[in-house]
Amino acid sequence: MIIAVTTPRPALATAEASACGYLAGLIDKAPPGPLFLPSYPTVNSGPLHGAAYLYDNAVAAIALIGCGEQDKARRIGAAILWAIDNDRTWRDGRLRNAYAAGVVANGPVKLPGWWDNTQNKWLEDRYQVGSDVGNMAWAMLALLSIDDANTGSRFRDGAARLGSWVAQWADGRGTGGFTGGTFGHEPTPELRTWKSTEHNTDLAAAFGILATRTGDSRWRDMATAAERFVDTMWDPACGCFAAGTAEDGVTRNPILALDAQVWPLTALPGAARTFASAVTTAEQRMRVDEGFSYGEDRDGVWTEGTSQMALLLKLLGRTAEAKSLIAVIESQRSPDGGFYATDVRALPTGFMLDTDPAKPRLYFRLPHLGAASWAALAEQGFNPFTATKGLP
(Lines give C-alpha, C1' and ligand atoms only; values in the text may rest on other atoms or scores of the structure.)
Protein backbone atom coordinates (compact mmCIF):
# COMPACT_ATOMS: atom_id res chain seq x y z
CA MET A 1 0.00 0.00 0.00
CA ILE A 2 1.39 3.40 -1.01
CA ILE A 3 0.66 6.15 1.47
CA ALA A 4 1.78 9.74 1.15
CA VAL A 5 0.82 12.29 3.76
CA THR A 6 0.72 16.02 3.40
CA THR A 7 2.47 18.38 5.80
CA PRO A 8 0.14 18.88 8.78
CA ARG A 9 -2.11 21.88 8.35
CA PRO A 10 -2.31 24.61 10.99
CA ALA A 11 -4.76 23.72 13.72
CA LEU A 12 -8.35 24.67 12.94
CA ALA A 13 -9.63 23.57 16.32
CA THR A 14 -8.24 23.49 19.82
CA ALA A 15 -7.84 20.27 21.76
CA GLU A 16 -10.82 21.39 23.86
CA ALA A 17 -13.14 21.69 20.83
CA SER A 18 -15.69 18.92 20.53
CA ALA A 19 -15.48 16.00 18.14
CA CYS A 20 -19.00 16.98 17.11
CA GLY A 21 -17.73 20.42 16.14
CA TYR A 22 -14.98 18.87 14.05
CA LEU A 23 -17.43 16.67 12.11
CA ALA A 24 -19.85 19.55 11.60
CA GLY A 25 -16.99 21.67 10.30
CA LEU A 26 -16.11 19.05 7.68
CA ILE A 27 -19.63 19.29 6.29
CA ASP A 28 -19.70 23.09 6.45
CA LYS A 29 -16.44 23.41 4.48
CA ALA A 30 -17.73 21.25 1.61
CA PRO A 31 -19.77 22.57 -1.33
CA PRO A 32 -23.55 22.05 -1.05
CA GLY A 33 -25.17 18.79 -2.03
CA PRO A 34 -25.05 15.08 -1.14
CA LEU A 35 -21.60 14.39 0.24
CA PHE A 36 -19.09 11.64 1.01
CA LEU A 37 -16.29 12.68 3.38
CA PRO A 38 -12.69 11.47 2.87
CA SER A 39 -11.69 8.78 5.33
CA TYR A 40 -8.03 9.84 5.42
CA PRO A 41 -7.98 13.53 4.43
CA THR A 42 -4.20 14.05 4.61
CA VAL A 43 -3.24 11.18 2.28
CA ASN A 44 -2.36 12.60 -1.14
CA SER A 45 -1.61 9.50 -3.24
CA GLY A 46 -2.23 5.78 -3.41
CA PRO A 47 -5.30 3.69 -2.53
CA LEU A 48 -6.36 5.81 0.46
CA HIS A 49 -6.20 9.15 -1.37
CA GLY A 50 -9.69 10.56 -1.82
CA ALA A 51 -11.31 7.33 -0.61
CA ALA A 52 -14.55 7.75 1.32
CA TYR A 53 -15.14 4.43 3.01
CA LEU A 54 -18.82 3.63 3.40
CA TYR A 55 -18.39 2.52 7.01
CA ASP A 56 -16.61 5.72 8.03
CA ASN A 57 -19.26 7.88 6.39
CA ALA A 58 -22.10 5.88 7.89
CA VAL A 59 -20.65 6.24 11.39
CA ALA A 60 -20.07 9.95 10.73
CA ALA A 61 -23.73 10.39 9.76
CA ILE A 62 -24.92 8.60 12.92
CA ALA A 63 -22.52 10.65 15.04
CA LEU A 64 -23.88 13.86 13.52
CA ILE A 65 -27.38 12.74 14.50
CA GLY A 66 -26.12 12.20 18.03
CA CYS A 67 -24.55 15.65 17.92
CA GLY A 68 -27.88 17.23 16.99
CA GLU A 69 -26.73 18.00 13.44
CA GLN A 70 -29.53 16.29 11.52
CA ASP A 71 -29.26 18.49 8.43
CA LYS A 72 -25.57 17.71 8.09
CA ALA A 73 -26.18 14.00 8.57
CA ARG A 74 -28.80 14.07 5.82
CA ARG A 75 -26.17 15.20 3.32
CA ILE A 76 -24.25 11.96 3.87
CA GLY A 77 -27.52 10.02 3.87
CA ALA A 78 -28.49 11.60 0.56
CA ALA A 79 -25.14 10.53 -0.93
CA ILE A 80 -25.78 6.95 0.22
CA LEU A 81 -29.22 7.00 -1.42
CA TRP A 82 -27.74 8.41 -4.61
CA ALA A 83 -25.11 5.66 -4.65
CA ILE A 84 -27.76 2.93 -4.36
CA ASP A 85 -29.50 4.24 -7.49
CA ASN A 86 -26.49 5.41 -9.50
CA ASP A 87 -23.84 2.71 -9.56
CA ARG A 88 -21.86 2.35 -12.78
CA THR A 89 -22.88 -1.33 -13.02
CA TRP A 90 -25.15 -2.64 -10.28
CA ARG A 91 -28.91 -2.10 -10.13
CA ASP A 92 -29.67 -4.57 -7.36
CA GLY A 93 -29.62 -2.40 -4.23
CA ARG A 94 -26.03 -2.92 -3.16
CA LEU A 95 -23.42 -0.31 -2.23
CA ARG A 96 -19.65 -0.38 -2.62
CA ASN A 97 -17.22 -0.46 0.30
CA ALA A 98 -15.84 2.95 -0.71
CA TYR A 99 -16.56 5.89 -2.99
CA ALA A 100 -14.64 8.91 -4.22
CA ALA A 101 -14.87 11.65 -1.61
CA GLY A 102 -16.75 14.82 -2.48
CA VAL A 103 -20.16 16.03 -3.59
CA VAL A 104 -22.22 13.37 -5.37
CA ALA A 105 -24.35 14.44 -8.31
CA ASN A 106 -25.01 14.06 -12.04
CA GLY A 107 -24.54 10.49 -13.15
CA PRO A 108 -22.93 7.36 -11.75
CA VAL A 109 -21.24 7.86 -8.39
CA LYS A 110 -17.47 7.84 -8.72
CA LEU A 111 -15.29 5.15 -7.16
CA PRO A 112 -11.86 5.84 -5.67
CA GLY A 113 -8.68 5.00 -7.51
CA TRP A 114 -5.18 6.18 -8.28
CA TRP A 115 -2.69 6.48 -11.11
CA ASP A 116 0.12 3.92 -10.95
CA ASN A 117 3.27 5.25 -12.63
CA THR A 118 4.90 1.82 -12.73
CA GLN A 119 2.04 0.23 -14.65
CA ASN A 120 1.11 3.49 -16.35
CA LYS A 121 -2.58 3.03 -15.73
CA TRP A 122 -5.49 3.87 -13.43
CA LEU A 123 -6.05 1.34 -10.67
CA GLU A 124 -8.89 0.58 -8.29
CA ASP A 125 -8.63 -1.28 -4.99
CA ARG A 126 -10.47 -4.61 -5.10
CA TYR A 127 -11.73 -4.26 -1.55
CA GLN A 128 -13.03 -0.74 -2.13
CA VAL A 129 -15.12 -1.80 -5.13
CA GLY A 130 -16.57 -4.82 -3.31
CA SER A 131 -19.57 -5.00 -0.98
CA ASP A 132 -19.17 -6.29 2.58
CA VAL A 133 -22.44 -7.04 4.35
CA GLY A 134 -21.13 -5.30 7.47
CA ASN A 135 -20.71 -2.07 5.54
CA MET A 136 -24.22 -2.48 4.13
CA ALA A 137 -25.47 -2.86 7.71
CA TRP A 138 -23.78 0.38 8.78
CA ALA A 139 -25.31 2.19 5.82
CA MET A 140 -28.68 0.81 6.92
CA LEU A 141 -28.09 2.04 10.48
CA ALA A 142 -27.14 5.48 9.15
CA LEU A 143 -30.24 5.76 6.99
CA LEU A 144 -32.47 4.56 9.82
CA SER A 145 -30.86 7.06 12.20
CA ILE A 146 -31.70 9.88 9.77
CA ASP A 147 -35.21 8.58 9.11
CA ASP A 148 -37.82 10.40 11.18
CA ALA A 149 -41.20 12.08 10.83
CA ASN A 150 -39.60 15.16 9.31
CA THR A 151 -37.79 13.37 6.49
CA GLY A 152 -40.40 10.86 5.38
CA SER A 153 -39.70 7.28 4.41
CA ARG A 154 -37.06 7.62 1.68
CA PHE A 155 -34.22 6.88 4.09
CA ARG A 156 -36.15 3.94 5.53
CA ASP A 157 -36.91 2.68 2.04
CA GLY A 158 -33.22 2.91 1.18
CA ALA A 159 -32.35 0.83 4.24
CA ALA A 160 -34.92 -1.77 3.17
CA ARG A 161 -33.39 -1.99 -0.30
CA LEU A 162 -29.98 -2.63 1.24
CA GLY A 163 -31.52 -5.22 3.54
CA SER A 164 -33.05 -7.02 0.57
CA TRP A 165 -29.63 -7.27 -1.06
CA VAL A 166 -28.04 -8.58 2.15
CA ALA A 167 -30.78 -11.20 2.56
CA GLN A 168 -29.26 -13.38 -0.16
CA TRP A 169 -26.19 -13.98 2.01
CA ALA A 170 -28.11 -15.83 4.72
CA ASP A 171 -26.18 -19.04 5.34
CA GLY A 172 -27.37 -22.49 6.41
CA ARG A 173 -23.99 -23.86 7.41
CA GLY A 174 -23.04 -24.25 11.05
CA THR A 175 -25.03 -21.86 13.24
CA GLY A 176 -26.43 -19.80 10.38
CA GLY A 177 -25.95 -16.05 10.17
CA PHE A 178 -24.78 -14.17 7.10
CA THR A 179 -21.64 -14.56 5.02
CA GLY A 180 -19.31 -11.71 4.16
CA GLY A 181 -20.58 -10.44 0.79
CA THR A 182 -18.45 -9.81 -2.30
CA PHE A 183 -14.89 -8.80 -3.09
CA GLY A 184 -13.50 -7.43 -6.34
CA HIS A 185 -14.73 -5.98 -9.59
CA GLU A 186 -17.85 -6.51 -11.61
CA PRO A 187 -19.22 -8.42 -13.43
CA THR A 188 -18.28 -11.47 -11.30
CA PRO A 189 -16.78 -10.46 -7.96
CA GLU A 190 -15.56 -13.18 -5.61
CA LEU A 191 -17.94 -14.40 -2.93
CA ARG A 192 -16.85 -14.24 0.72
CA THR A 193 -18.05 -17.41 2.44
CA TRP A 194 -16.61 -16.66 5.89
CA LYS A 195 -18.85 -15.18 8.54
CA SER A 196 -17.98 -12.29 10.85
CA THR A 197 -19.16 -11.76 14.41
CA GLU A 198 -18.84 -8.03 13.85
CA HIS A 199 -20.86 -8.07 10.60
CA ASN A 200 -23.63 -10.19 12.08
CA THR A 201 -23.81 -7.90 15.10
CA ASP A 202 -24.29 -4.94 12.76
CA LEU A 203 -26.96 -6.80 10.80
CA ALA A 204 -28.85 -7.88 13.92
CA ALA A 205 -29.11 -4.24 14.98
CA ALA A 206 -29.98 -2.90 11.52
CA PHE A 207 -32.58 -5.58 10.77
CA GLY A 208 -34.04 -5.14 14.25
CA ILE A 209 -34.62 -1.40 13.78
CA LEU A 210 -35.99 -2.02 10.28
CA ALA A 211 -38.45 -4.55 11.71
CA THR A 212 -39.62 -2.05 14.31
CA ARG A 213 -39.96 0.78 11.81
CA THR A 214 -41.78 -1.24 9.14
CA GLY A 215 -43.64 -3.91 11.10
CA ASP A 216 -42.37 -6.46 8.55
CA SER A 217 -41.69 -9.82 10.21
CA ARG A 218 -39.09 -10.87 7.63
CA TRP A 219 -36.68 -8.28 9.01
CA ARG A 220 -37.26 -9.62 12.53
CA ASP A 221 -36.44 -13.12 11.30
CA MET A 222 -33.19 -11.89 9.77
CA ALA A 223 -32.28 -9.99 12.94
CA THR A 224 -32.86 -13.17 14.95
CA ALA A 225 -30.69 -15.24 12.58
CA ALA A 226 -27.80 -12.77 12.82
CA GLU A 227 -28.10 -12.48 16.60
CA ARG A 228 -28.20 -16.26 17.02
CA PHE A 229 -24.93 -16.56 15.10
CA VAL A 230 -23.27 -13.95 17.32
CA ASP A 231 -24.49 -15.76 20.44
CA THR A 232 -22.88 -19.00 19.23
CA MET A 233 -19.54 -17.28 18.76
CA TRP A 234 -19.31 -16.84 22.54
CA ASP A 235 -16.59 -18.88 24.25
CA PRO A 236 -17.34 -19.19 27.99
CA ALA A 237 -13.86 -20.52 28.76
CA CYS A 238 -12.28 -17.42 27.22
CA GLY A 239 -14.99 -15.00 28.25
CA CYS A 240 -14.88 -13.65 24.71
CA PHE A 241 -16.43 -13.76 21.26
CA ALA A 242 -14.59 -15.45 18.39
CA ALA A 243 -14.05 -13.13 15.42
CA GLY A 244 -16.26 -15.33 13.23
CA THR A 245 -15.65 -18.38 11.07
CA ALA A 246 -13.31 -19.53 8.33
CA GLU A 247 -14.46 -19.91 4.72
CA ASP A 248 -16.21 -23.18 5.61
CA GLY A 249 -18.71 -21.20 7.70
CA VAL A 250 -18.13 -23.47 10.70
CA THR A 251 -14.52 -23.39 11.94
CA ARG A 252 -14.05 -20.56 14.42
CA ASN A 253 -11.58 -17.78 13.72
CA PRO A 254 -9.49 -17.62 16.92
CA ILE A 255 -8.41 -13.97 16.55
CA LEU A 256 -9.38 -11.85 19.53
CA ALA A 257 -10.62 -8.49 18.18
CA LEU A 258 -11.77 -5.62 20.38
CA ASP A 259 -14.80 -4.63 18.32
CA ALA A 260 -16.07 -8.21 18.34
CA GLN A 261 -16.16 -7.96 22.16
CA VAL A 262 -17.61 -4.46 22.49
CA TRP A 263 -20.19 -4.29 19.70
CA PRO A 264 -22.41 -7.24 20.72
CA LEU A 265 -22.76 -5.78 24.23
CA THR A 266 -23.66 -2.39 22.74
CA ALA A 267 -25.99 -3.69 20.03
CA LEU A 268 -27.87 -6.78 21.17
CA PRO A 269 -30.71 -6.84 23.73
CA GLY A 270 -29.53 -8.16 27.09
CA ALA A 271 -26.01 -8.89 25.85
CA ALA A 272 -24.38 -6.39 28.21
CA ARG A 273 -25.58 -8.58 31.09
CA THR A 274 -25.28 -12.02 29.50
CA PHE A 275 -21.78 -11.46 28.15
CA ALA A 276 -20.48 -8.95 30.71
CA SER A 277 -17.18 -10.81 31.08
CA ALA A 278 -16.24 -9.71 27.55
CA VAL A 279 -15.44 -6.31 29.07
CA THR A 280 -13.13 -7.94 31.62
CA THR A 281 -11.43 -9.94 28.87
CA ALA A 282 -10.84 -6.79 26.85
CA GLU A 283 -9.48 -4.98 29.89
CA GLN A 284 -7.12 -7.81 30.73
CA ARG A 285 -5.92 -8.74 27.26
CA MET A 286 -6.22 -5.64 25.06
CA ARG A 287 -5.57 -2.68 27.39
CA VAL A 288 -2.50 -0.61 26.49
CA ASP A 289 -1.20 2.80 27.61
CA GLU A 290 -4.51 3.60 29.36
CA GLY A 291 -6.40 2.95 26.11
CA PHE A 292 -7.20 -0.16 24.08
CA SER A 293 -5.46 -1.86 21.17
CA TYR A 294 -7.15 -3.70 18.31
CA GLY A 295 -6.06 -7.13 19.51
CA GLU A 296 -3.86 -9.05 21.90
CA ASP A 297 -0.52 -7.86 20.52
CA ARG A 298 -1.13 -4.52 22.27
CA ASP A 299 1.28 -2.68 19.98
CA GLY A 300 -0.44 0.69 20.37
CA VAL A 301 -3.65 2.53 21.12
CA TRP A 302 -6.49 2.10 18.63
CA THR A 303 -8.39 5.38 18.88
CA GLU A 304 -11.59 4.08 17.31
CA GLY A 305 -11.73 1.01 19.55
CA THR A 306 -10.89 3.03 22.65
CA SER A 307 -13.87 5.25 21.81
CA GLN A 308 -16.07 2.19 21.38
CA MET A 309 -15.10 0.98 24.85
CA ALA A 310 -15.58 4.48 26.30
CA LEU A 311 -19.10 4.57 24.85
CA LEU A 312 -19.98 1.13 26.20
CA LEU A 313 -18.71 2.02 29.68
CA LYS A 314 -20.69 5.26 29.62
CA LEU A 315 -23.84 3.37 28.62
CA LEU A 316 -23.17 0.92 31.47
CA GLY A 317 -22.99 3.81 33.93
CA ARG A 318 -19.24 3.46 34.47
CA THR A 319 -18.80 7.17 33.83
CA ALA A 320 -15.47 7.72 35.60
CA GLU A 321 -13.80 4.99 33.55
CA ALA A 322 -15.39 6.32 30.37
CA LYS A 323 -14.13 9.81 31.16
CA SER A 324 -10.60 8.47 31.62
CA LEU A 325 -10.74 6.81 28.19
CA ILE A 326 -12.09 9.97 26.58
CA ALA A 327 -9.01 11.79 27.88
CA VAL A 328 -6.86 9.20 26.09
CA ILE A 329 -8.88 9.75 22.92
CA GLU A 330 -8.38 13.51 23.19
CA SER A 331 -4.62 12.93 23.31
CA GLN A 332 -4.85 11.59 19.75
CA ARG A 333 -5.94 14.91 18.23
CA SER A 334 -4.43 15.76 14.85
CA PRO A 335 -3.36 19.33 13.94
CA ASP A 336 -6.65 20.05 12.14
CA GLY A 337 -8.73 19.07 15.16
CA GLY A 338 -9.46 15.53 13.97
CA PHE A 339 -8.19 12.29 15.48
CA TYR A 340 -5.34 9.96 14.57
CA ALA A 341 -6.30 6.34 14.00
CA THR A 342 -3.54 5.17 16.34
CA ASP A 343 -0.66 6.49 18.43
CA VAL A 344 1.94 4.33 16.63
CA ARG A 345 3.18 4.40 13.05
CA ALA A 346 1.41 1.16 12.10
CA LEU A 347 -0.95 -0.86 14.31
CA PRO A 348 -1.54 -4.52 13.35
CA THR A 349 -5.04 -6.00 13.55
CA GLY A 350 -4.15 -9.69 13.35
CA PHE A 351 -5.88 -9.92 9.96
CA MET A 352 -4.28 -9.95 6.53
CA LEU A 353 -5.14 -7.68 3.60
CA ASP A 354 -7.83 -8.99 1.27
CA THR A 355 -5.96 -7.41 -1.62
CA ASP A 356 -2.64 -9.07 -0.66
CA PRO A 357 -2.96 -11.96 1.83
CA ALA A 358 0.81 -11.88 2.39
CA LYS A 359 0.58 -8.46 4.03
CA PRO A 360 -0.98 -7.55 7.39
CA ARG A 361 -3.97 -5.24 7.66
CA LEU A 362 -2.81 -2.18 9.57
CA TYR A 363 -4.07 1.08 10.99
CA PHE A 364 -1.70 3.98 10.38
CA ARG A 365 -1.03 7.14 12.35
CA LEU A 366 -3.19 9.23 10.05
CA PRO A 367 -6.14 11.50 10.77
CA HIS A 368 -9.14 9.22 10.33
CA LEU A 369 -12.83 9.99 9.86
CA GLY A 370 -13.85 6.79 11.63
CA ALA A 371 -11.81 7.68 14.69
CA ALA A 372 -13.34 11.17 14.84
CA SER A 373 -16.86 9.77 14.43
CA TRP A 374 -16.50 7.26 17.26
CA ALA A 375 -14.92 9.98 19.41
CA ALA A 376 -18.09 12.04 18.86
CA LEU A 377 -20.31 9.07 19.74
CA ALA A 378 -18.37 8.51 22.97
CA GLU A 379 -18.46 12.23 23.72
CA GLN A 380 -22.25 12.31 23.36
CA GLY A 381 -22.98 8.88 24.84
CA PHE A 382 -24.95 8.10 21.66
CA ASN A 383 -25.39 4.44 20.73
CA PRO A 384 -25.14 3.98 16.93
CA PHE A 385 -26.86 0.60 17.14
CA THR A 386 -30.03 2.02 18.70
CA ALA A 387 -29.85 5.73 17.70
CA THR A 388 -30.47 6.50 21.37
CA LYS A 389 -28.45 7.23 24.49
CA GLY A 390 -29.12 3.80 25.88
CA LEU A 391 -28.47 0.10 25.48
CA PRO A 392 -31.02 -2.01 23.56
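Placed above this text is the structure.
Keep in mind it's a predicted model, so treat the numbers as computed, not measured.

Chemist: Requested: an account of the packing of aromatic side chains, with residues and values cited.
Modeler: One pass over the structure, following the stated rule, counts 19 aromatic pairs. Arranged with centres 5.6 Å apart and planes meeting at 65°, the rings of Trp165 and Trp169 form a pair that is edge-to-face. Taken individually, Trp165 and Trp169 each receive the classification buried, so the pair is uniform in this respect. What links up through ring pairs into an aromatic cluster is the set Tyr55, Trp138, Trp263, Trp374 and Phe385. Above the ring of Phe183, the side-chain terminus of Arg192 is found at 4.3 Å from the ring centroid.

Chemist: Please set out the layout of surface pockets residue by residue, giving values where relevant.
Modeler: Of the volumes computed, that of the largest pocket is approximately 1,200 Å³. For the largest pocket, the lining is made up of 45 residues, of which Tyr127, Asp132, Phe351, Asp354 and Arg361 are closest to its centre. At the level of secondary structure, the elements contributing two or more residues to the lining of the largest pocket comprise α2 (54-66), α4 (133-146), β11 (190-195), α6 (197-214), β14 (244-245), α8 (258-267), β18 (346-352) and β19 (360-364). Classifying every residue of the lining of the largest pocket by side-chain character gives 22 nonpolar, 10 polar and 13 charged.

Chemist: Can you tell me about the packing of α2 against helix α3 (residues 70-85), naming the residues and giving the values?
Modeler: Two elements in contact, α2 and α3, have axes separated by 7 Å at closest approach and are oriented at 150°. With respect to their mutual orientation, α2 and α3 come out roughly antiparallel. Like other packed secondary-structure pairs, α2 and α3 cross with a definite hand, here left-handed. Of α3, the residues touching α2 (which contributes Leu54, Asn57, Ala60, Ala61, Leu64 and Ile65) are Gln70, Lys72, Ala73, Ile76 and Ile80. Broken down by class, the residue content of the contact of α2 with α3 amounts to 8 nonpolar, 2 polar and 1 charged.

Chemist: Give me the lowdown on the state of the cysteines, citing residues and values where you can.
Modeler: Taken as a whole and judged by the stated rule, the model has 2 disulfides. Residue Cys20 pairs covalently with Cys67 via a disulfide, S to S 1.9 Å. Taking the torsion about the sulfur-sulfur bond, which here is approximately -75°, the covalent link between Cys20 and Cys67 counts as left-handed. Of this pair, Cys20 sits in helix α1 (residues 19-29) while Cys67 sits in the loop between α2 and α3, and the two are 47 residues apart along the sequence. Classification of Cys67 by relative accessible area gives buried; the value is 18%. One disulfide in the model links Cys238 with Cys240; its S-S distance is 1.9 Å. Taking the torsion about the S-S bond as the criterion, the Cys238 to Cys240 disulfide, at about 120°, is right-handed. Each disulfide of the protein joins two cysteines, and with those cysteines numbered along the sequence the arrangement is 1-2, 3-4.

Chemist: Talk me through the packing of α4 against helix α5 (residues 154-166); I want residue IDs and the actual numbers.
Modeler: Running from amino to carboxyl end, α4 crosses α5 at an angle of 160°, the nearest separation of the two axes being 8 Å. Overall, the two elements α4 and α5 adopt an arrangement that is roughly antiparallel. Classified by chirality, the crossing of α5 by α4 is left-handed. Of the residues in α5, those touching α4 at Val133, Met136, Ala139, Met140, Leu143, Leu144 and Ile146 are Phe155, Arg156, Gly158, Ala159, Leu162, Gly163, Trp165 and Val166.

Chemist: Before we move on, can you summarise the side chain of Asn383 with the specific residues and values?
Modeler: As for its placement among the helices and strands, Asn383 is situated in the segment after α13 (369-380). With relative accessibility at 0%, the residue Asn383 sits in the buried group. In terms of polar contacts, Asn383 uses its side chain to reach the backbone amide nitrogen of Phe385, at 2.9 Å. When residues no more than four places from it in sequence are discounted, the contact partners of Asn383 are Thr266, Leu311, Leu315, Thr388, Gly390, Leu391 and Pro392.

Chemist: If you had to explain unusual backbone geometry to someone new, which residues and values would you point to?
Modeler: Between Glu186 and the following residue, Pro187, the backbone shows a cis peptide bond with an omega angle of 10°. Positionally, Pro187 belongs in the loop between β10 (179-183) and β11. A positive phi angle is found at Asp289, which is not glycine, with a value near 50°. Position of Asp289 relative to the elements: it lies in the loop between β16 (287-288) and β17 (291-292). With a phi close to 55°, Ala387 is a non-glycine residue in the positive phi region. With respect to the element layout, Ala387 can be found in the segment after α13.

About the cut-offs
Residues numbered from 1 in each chain as written. Predicted model: local features only at pLDDT ≥ 70, side-chain atom pairs only at ≥ 80, totals over all residues. Heavy atoms only, no water. Phe/Tyr/Trp six-rings, centres within 6.5 Å; stacked < 30°, edge-to-face > 60°. Buried < 20%, exposed > 50% of the residue type's maximum accessible area, 1.4 Å probe, protein only. Lys NZ or Arg CZ within 6 Å of the ring centre and 35° of its normal. 1 Å grid on protein atoms, 1.4 Å probe; cavity = no way out; pocket = protein on both sides within 12 Å on 5 of 7 lines; lining within 4 Å. Points joined across faces, edges and corners; volume = space filled by probe spheres on them. Helix = DSSP H or I, 4+ residues; strand = E, 2+ residues; numbered from the N terminus. Nonpolar A, V, L, I, M, F, W, Y, C, P; charged D, E, K, R; others polar. Axes fitted to C-alpha atoms, helices over the stretch in contact; angles between N-to-C directions. Parallel < 35°, antiparallel > 145°, perpendicular 65-115°, else oblique. Left-handed = near helix turned anticlockwise from the far one by under 90°. Contact = heavy atoms within 4.5 Å. Disulfide = S-S within 2.5 Å. Polar contact = N/O pair within 3.5 Å; in protein donor to acceptor, adjacent residues only side chain to side chain.

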